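Residue-level structure breakdown
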Amino acid sequence: MQKSDIAIPPKDLNMLQSVLDAWCTQQRILRKDATAEAKILINEYKRGTRSQIALIDALINSTTH
């Protein structure tokens, strides 16, 4: 199995969803329109990021660069 094919355990998936939901609420965007943000979160997760704060930081950095 390649690193890009890792399965996300339900607990971690819930955490990623809550980070995305919080981001969407703060940015006033619909979750269905947050595809790019979801990809950022998944990529960060695959890189080993498991902290909600670090995931939010990744979203912030992606929108400021």
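Below, the structure is looked at part by part. Here the structure is a predicted model, which means the values were calculated and not measured.

**Quick look at the packing of aromatic side chains**
- All chains considered together, the criterion is met by zero aromatic pairs.
- The ring of Y45 carries the charged tip of R50 above its face, separated from the ring centre by 3.6 Å.

**Comments concerning helix α1 (residues 10-27)**
- When the terminal C-alpha atoms of α1 are compared, their 25 Å separation across 18 residues agrees well with the 26 Å that a helix rising 1.5 Å per residue should span.
- Along α1, the residues that are buried comprise D12, M15, L16, V19, L20, W23 and C24.
- Each element contacted by the buried residues of α1 is listed here: α2 (35-46) and α3 (52-64).
- Backbone geometry just downstream of α1 places R28 in the positive-phi region, at approximately 55 degrees.

**Side note on the packing of α2 against α3**
- Between α2 and α3, whose axes approach to 10 Å, the crossing angle comes to 130 degrees. Classed by the angle they form, the pair α2 and α3 counts as oblique. Judged by the twist between their axes, the crossing of α2 over α3 is right-handed. Along the contact surface, α2 presents E37, I40, L41, E44 and Y45, while α3 presents L55, A58, L59 and S62.
- Counted by class, the contact of α2 with α3 contains six nonpolar, one polar and two charged residues.

**Comments concerning the nonpolar core**
- With 11 residues, the main nonpolar core is built from M15, L16, V19, L20, W23, C24, A34, L41, Y45, L55 and L59.
- Those elements giving two or more residues to this core turn out to be α1, α2 and α3.
- If near-sequence neighbours (up to four positions away) are discounted, L59 is found in contact with V19, W23, E37, I40 and L41.

**Looking at the environment of G48**
- Position of G48 among the secondary structure elements: in the loop between α2 and α3.
- Among the residues examined, G48 registers a relative accessible area of 44% and is labelled partly exposed.
- Taking the C-alpha atoms as reference, G48 lies 23 Å from C24; in sequence the two are 24 residues apart.

**Description of unusual backbone geometry**
- Positive phi is not limited to glycine here, since R28 has a value of about 55 degrees.
- As for its position among the elements, R28 is in the loop between α1 and α2.
- Assessed through its relative accessible area of 79%, R28 is described here as exposed.

Cut-offs applied
Residues numbered from 1 in each chain as written. Predicted model: local features only at pLDDT ≥ 70, side-chain atom pairs only at ≥ 80, totals over all residues. Heavy atoms only, no water. Phe/Tyr/Trp six-rings, centres within 6.5 Å; stacked < 30°, edge-to-face > 60°. Lys NZ or Arg CZ within 6 Å of the ring centre and 35° of its normal. Helix = DSSP H or I, 4+ residues; strand = E, 2+ residues; numbered from the N terminus. Expected span 1.5 Å × (residues − 1). Buried < 20%, exposed > 50% of the residue type's maximum accessible area, 1.4 Å probe, protein only. Contact = heavy atoms within 4.5 Å. Axes fitted to C-alpha atoms, helices over the stretch in contact; angles between N-to-C directions. Parallel < 35°, antiparallel > 145°, perpendicular 65-115°, else oblique. Left-handed = near helix turned anticlockwise from the far one by under 90°. Nonpolar A, V, L, I, M, F, W, Y, C, P; charged D, E, K, R; others polar. Core = buried A, V, L, I, M, F, W, Y, C linked by side-chain atoms within 4.5 Å.

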